[in-house]
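The residues making up each chain are set out below.
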Amino acid sequence: MSQRRANRPFIIGVAGGTASGKTSVCTKIIADLRQDKEFKDGSVHRFLHIAQDNFYRNLTSEEQSNIGAFNFDHPAAFAWGEIVATLQDLKEGLPACIPNYDFVTSSRQAEATAVDSADVILFDGILAFYSAELRNLYDLMIFVNVDDDTRLARRVRRDITERGRDVLQVLDQYERTVKPSFTQFILPTKQYAHIIIPRGLDNSVAIDLITQHIKWRLSERLQSKTNA
Ligand code: UZR
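Everything numeric in this text was worked out from a predicted model, so none of it was measured.

## Here's the deal with the site of the ligand
Here is step 1 of the chain: Of all residues adjacent to the ligand, which total 18 residues, the nearest are Thr18, Asp73, Tyr101, Ser106 and Arg155.
Here is step 2 of the chain: One nitrogen or oxygen atom from the side chain of tyrosine 101 is found 2.6 Å from an oxygen atom belonging to the ligand.
Here is step 3 of the chain: Considered on its own, the ligand offers 510 Å² of accessible surface; in the complex 98% of this is hidden by protein.
Here is step 4 of the chain: If you map the ligand onto the pockets, it falls in the largest pocket.

## Some thoughts on the pattern of salt bridges
Two side chains of opposite charge can pair, provided their charged atoms sit close to one another.
Here is step 1 of the chain: In this structure the tally under the stated criterion is 12 salt bridges.
Here is step 2 of the chain: Lysine 91 is paired through a salt bridge with aspartate 139; the nearest N and O atoms lie 3.5 Å apart. Placement of the pair is lysine 91 in helix 4 (residues 80-91) and aspartate 139 in the loop between helix 5 (132-135) and strand 8 (140-145), with a sequence separation of 48 residues.
Here is step 3 of the chain: Look at lysine 91 and you get buried, because its relative accessible area is 9%.
Here is step 4 of the chain: A salt bridge links arginine 176 to aspartate 172; the nearest nitrogen and oxygen atoms lie 3.2 Å apart. With a gap of 4 residues between them, arginine 176 and aspartate 172 both fall in helix 7 (residues 167-186), about one helical turn apart.
Here is step 5 of the chain: When its relative accessible area of 39% is taken as the criterion, arginine 176 is described as partly exposed.
Here is step 6 of the chain: The network of salt bridges with common partners includes Arg155, Arg158 and Asp159.

## As for the layout of surface pockets
Here is step 1 of the chain: Considering only enclosed or pocket space, the largest pocket measures out at about 820 Å³ in volume.
Here is step 2 of the chain: What lines the largest pocket is a set of 35 residues, among which Phe103, Arg155, Arg158, Asp159 and Arg163 lie closest to the centre.
Here is step 3 of the chain: If you list the elements that add at least two residues to the lining of the largest pocket, you get helix 1 (22-35), helix 6 (148-161) and helix 7.
Here is step 4 of the chain: Of the residues in the lining of the largest pocket, the class split is 10 nonpolar, 12 polar and 13 charged.

## Considerations on the nonpolar core
Here is step 1 of the chain: Ranked by size, the top nonpolar core spans 36 residues in total, and within it Ile50, Phe123, Leu134 and Tyr138 carry the most contacts.
Here is step 2 of the chain: Only strand 1 (10-16), strand 2 (47-51), helix 4, strand 3 (96-98), strand 7 (120-124), strand 8 and helix 7 provide two or more residues apiece to this core.
Here is step 3 of the chain: With 5 residues, helix 4 is the largest single contributor of residues to this core.
Here is step 4 of the chain: In this structure leucine 134 touches Trp80, Ile83, Val84, Leu87, Phe123 and Ala128, once residues within four positions along its chain are discounted.
Here is step 5 of the chain: In this structure, Phe10, Ile12, Phe47 and Val120 belong to the second largest nonpolar core, which totals 22 residues.

Calculation notes
- Residues numbered from 1 in each chain as written.
- Predicted model: local features only at pLDDT ≥ 70, side-chain atom pairs only at ≥ 80, totals over all residues.
- Heavy atoms only, no water.
- Near = heavy atom within 4 Å.
- Polar contact = N/O pair within 3.5 Å; in protein donor to acceptor, adjacent residues only side chain to side chain.
- Areas by Shrake-Rupley, 256 points an atom, 1.4 Å probe, with all protein chains shown as cover.
- 1 Å grid on protein atoms, 1.4 Å probe; cavity = no way out; pocket = protein on both sides within 12 Å on 5 of 7 lines; lining within 4 Å.
- Sits in = over half its atoms within 2 Å of the grid points.
- Salt bridge = Lys/Arg side-chain N within 4 Å of Asp/Glu carboxyl O.
- Helix = DSSP H or I, 4+ residues; strand = E, 2+ residues; numbered from the N terminus.
- Buried < 20%, exposed > 50% of the residue type's maximum accessible area, 1.4 Å probe, protein only.
- Points joined across faces, edges and corners; volume = space filled by probe spheres on them.
- Nonpolar A, V, L, I, M, F, W, Y, C, P; charged D, E, K, R; others polar.
- Core = buried A, V, L, I, M, F, W, Y, C linked by side-chain atoms within 4.5 Å.
- Contact = heavy atoms within 4.5 Å.

Listed below in structure tokens is the structure:
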């Protein structure tokens, strides 16, 4: 693992409801930046994408035994201290450990993944804007806004194919916890966004504007480093 990086990373928080396409937006931004010839050479620009989903805390044995009742969309489901400490370390240019989460068993895997800091770090999650400490770490905050019915349709497909659920489980969970928590905890954080992307990944104009902004901010940083 390498040591502290010279430049402070540009940190982007990406929030939005479940299945809004937060991860796809992050992947697209990174892919677009990598395409740019200005950032291809020079070996200075590296990207790191972290999902808040990795920081679900381990459940107590009592919570495990009644897992159907557990609200994974409530802020109390996440290990906030660990999230803030991890992003603070990365912001300082230090390496960090990212836990690995298994959605099928709803528990953390034994092994975490070691990562180096990067020039651009994207952190995405349903509650990425929930903590004031986290909000203070971001240089840019993006909220991905997609209609509820579209998100539900995607969620049903994704949870069945990738997360080992059946359709009735997904719908039940959606009505009981996902939708009420979206209204109570996630939607109110939209006010913190610098940019709201309507229709998510489909909105290529918005993604292009964001990518241009990041390029501009990175060039600025490189410039000030060269002039220093
Ligand atoms: P995204 N989630 C699970 O279904 N199981 C878990 O063990 C942990 C989380 C779900 C969670 C939330 N809710 O809506 C979603 N439920 O993962 C967040 N119920 O993930 O942002 O990728 O949609």
